[in-house]
Amino acid sequence: MIPSLPRQVTLDDGTHLLLRLGTPADRDELLAGFEHLSPESRRARFFTPMPRLRPQVLERLVDVDDHHHVAVAALDVGRPPAPGTDAEGFGVGVGRYIVDADDPSRAEAAVTVIDDYQRRGIGTLLLEALIDHAIGTGIATLEAMVLAENEAMLNVLAQLGATMDWDPDDRSVVHMTIPVPPAPG
């Protein structure tokens, strides 16, 4: 199990990150981060072209409660926050899970890392933080839908012990199931 949040992490390249729980006040950071996603990264996260972050999507993303909808933010503390925000650093990624209302032993997870910070281990750190947060909550599995072409995310999830099933209706989407270990003791 990894340490609880908030916590500082140093990447192999020396970048210092703060991992902390997301809050509804992160609205401006989410908007700023969205502007640092390429069209390909936006499609990988939202499964559709998204030139702008629609207001109803933004509202869902900031509607966190640390139980049914959990977000973990990753901020580069060595870089000033985006203009107009008052974050502890520059927002570089977010991971989240939303508990299934019909089956509280399952939650849907998603991770987004801005393009300049991809392939540096941040997605893995965010997923590990989500798994750690889920331990002891009754969640047995985190589930993620991933575009089949998103090999980097499929590899990250496989390294975390996820199993893969193809969507029977759409071979371009892979359903990944990540086990959440039971609480110690």
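These numbers come from a predicted model, not from an experiment. (Residues numbered from 1 in each chain as written. Predicted model: local features only at pLDDT ≥ 70, side-chain atom pairs only at ≥ 80, totals over all residues. Heavy atoms only, no water.)

K.L.:
Please clarify how the overall build of the protein chain should be interpreted in this entry.
P.N.:
Summing up its helical and strand segments, the protein chain has 5 helices and 8 strands in all. Starting at the N terminus and walking to the C terminus, you meet the elements of the protein chain as β-β-α-α-α-β-β-β-α-β-α-β-β. Computed over the C-alpha atoms, the radius of gyration of the protein chain is 16 Å, within 12% of the 16 Å expected from 2.2 N^0.38 for a compact globule of 185 residues. Burial statistics for the protein chain: of 185 residues in total, 46% are counted as buried. Considering only residue pairs separated by 6 or more positions, the protein chain has 61% of its internal contacts joining residues 24 or more positions apart. Looking at the protein chain as shown, the accessible area adds up to about 9,700 Å², and 53% of this sits on carbon and sulfur atoms. Across the protein chain, the 15 positively charged side chains and the 29 negatively charged ones have centroids separated by 5 Å. (Helix = DSSP H or I, 4+ residues; strand = E, 2+ residues; numbered from the N terminus. Rg over C-alpha atoms; globule rule 2.2 N^0.38 Å. Buried < 20%, exposed > 50% of the residue type's maximum accessible area, 1.4 Å probe, protein only. Contact = heavy atoms within 4.5 Å. Areas by Shrake-Rupley, 256 points an atom, 1.4 Å probe, with all protein chains shown as cover. Lys, Arg positive; Asp, Glu negative; His and termini not counted. Charge placed at Lys NZ, Arg CZ, Asp CG, Glu CD.)

K.L.:
Sorry, what's going on with the nonpolar core here?
P.N.:
In globular proteins that are soluble, nonpolar side chains generally tend to be buried together. Core analysis: the biggest nonpolar cluster contains 55 residues, and Tyr97, Ile122, Leu127, Leu142 and Leu157 have the highest contact counts within it. Here this core gets 8 residues from one element, more than from any other, and that element is helix H4 (residues 122–134). Leave out the neighbours within four places in its chain, and Leu157 touches Leu127, Ala144, Val146, Ala162, Met176 and Ile178. (Core = buried A, V, L, I, M, F, W, Y, C linked by side-chain atoms within 4.5 Å.)

K.L.:
Sorry, what's going on with helix H1 (residues 27–34) here?
P.N.:
Residues spaced three or four apart along an α-helix point in a common direction, a consequence of the helix completing one turn every 3.6 residues. For H1, the full list of buried residues reads Glu29, Leu30, Ala32, Gly33 and Phe34. As for H1, its buried residues are in contact with helix H2 (39–46), helix H3 (55–62) and strand S4 (90–99).

K.L.:
Would you take a moment to explain the packing of H1 against H3 for this structure?
P.N.:
At a minimum axis distance of 10 Å, the contact between H1 and H3 shows a crossing angle of 125 degrees. In terms of their interaxial angle, H1 and H3 are classed as oblique. Remark: the crossing between H1 and H3 carries right-handed chirality. For the pair formed by H1 and H3, the contact residues are Arg27, Leu30 and Leu31 on the first element and Leu58, Glu59, Leu61 and Val62 on the second. Considered class by class, the residues forming the contact of H1 with H3 number 5 nonpolar, no polar and 2 charged. (Axes fitted to C-alpha atoms, helices over the stretch in contact; angles between N-to-C directions. Parallel < 35°, antiparallel > 145°, perpendicular 65-115°, else oblique. Left-handed = near helix turned anticlockwise from the far one by under 90°. Nonpolar A, V, L, I, M, F, W, Y, C, P; charged D, E, K, R; others polar.)

K.L.:
Quick question: what am I supposed to make of the sheet that holds strand S6 (residues 141–147) here?
P.N.:
Hydrogen bonds along the backbone pair up the strands of a sheet, which may run parallel or antiparallel. Read across the sheet, 8 strands follow the order S1-S2-S3-S4-S5-S6-S8-S7 without closing on themselves; strand pairing throughout is mixed. Unpaired on one side and paired on the other, strand S1 (7–10) and strand S7 (163–167) mark the two borders of the sheet. Neighbouring strand axes in the sheet, compared pairwise and without regard to direction, differ in orientation by 25 degrees on average. As defined by bridge partners, S4 adjoins strand S5 (residues 106–113) across 7 bridges and the pair is classed as antiparallel. In the strand pairing of S5, Tyr97 is matched with Ala109. Taken strand by strand, H4 contacts S1, strand S2 (16–21), strand S3 (69–76), S4, S5, S6 and strand S8 (170–179), and its axis lies near 40 degrees from that of S4. (Pairing = 2+ DSSP bridges.)

K.L.:
Any chance you could explain the pairing of S7 here in plain terms?
P.N.:
Here is the key point about a regular strand: its side chains alternate between the two faces of the sheet. Bridging between S7 and S8 involves 5 bridges; their strand directions are antiparallel. Across the sheet, Asp167 pairs through a bridge with Asp170, a residue of S8.

K.L.:
Got a minute to help me understand the packing of aromatic side chains in this structure?
P.N.:
Two aromatic rings are characterised by how far apart their centres lie and by the angle between their planes. The full count for this structure, using the stated rule, is 1 aromatic pair. A cation sits over an aromatic face here: Arg45 above Phe46, 4.8 Å from the ring centre. Its end group placed over the ring of Phe90, Arg79 keeps NZ or CZ at 3.7 Å from the ring centre. (Phe/Tyr/Trp six-rings, centres within 6.5 Å; stacked < 30°, edge-to-face > 60°. Lys NZ or Arg CZ within 6 Å of the ring centre and 35° of its normal.)

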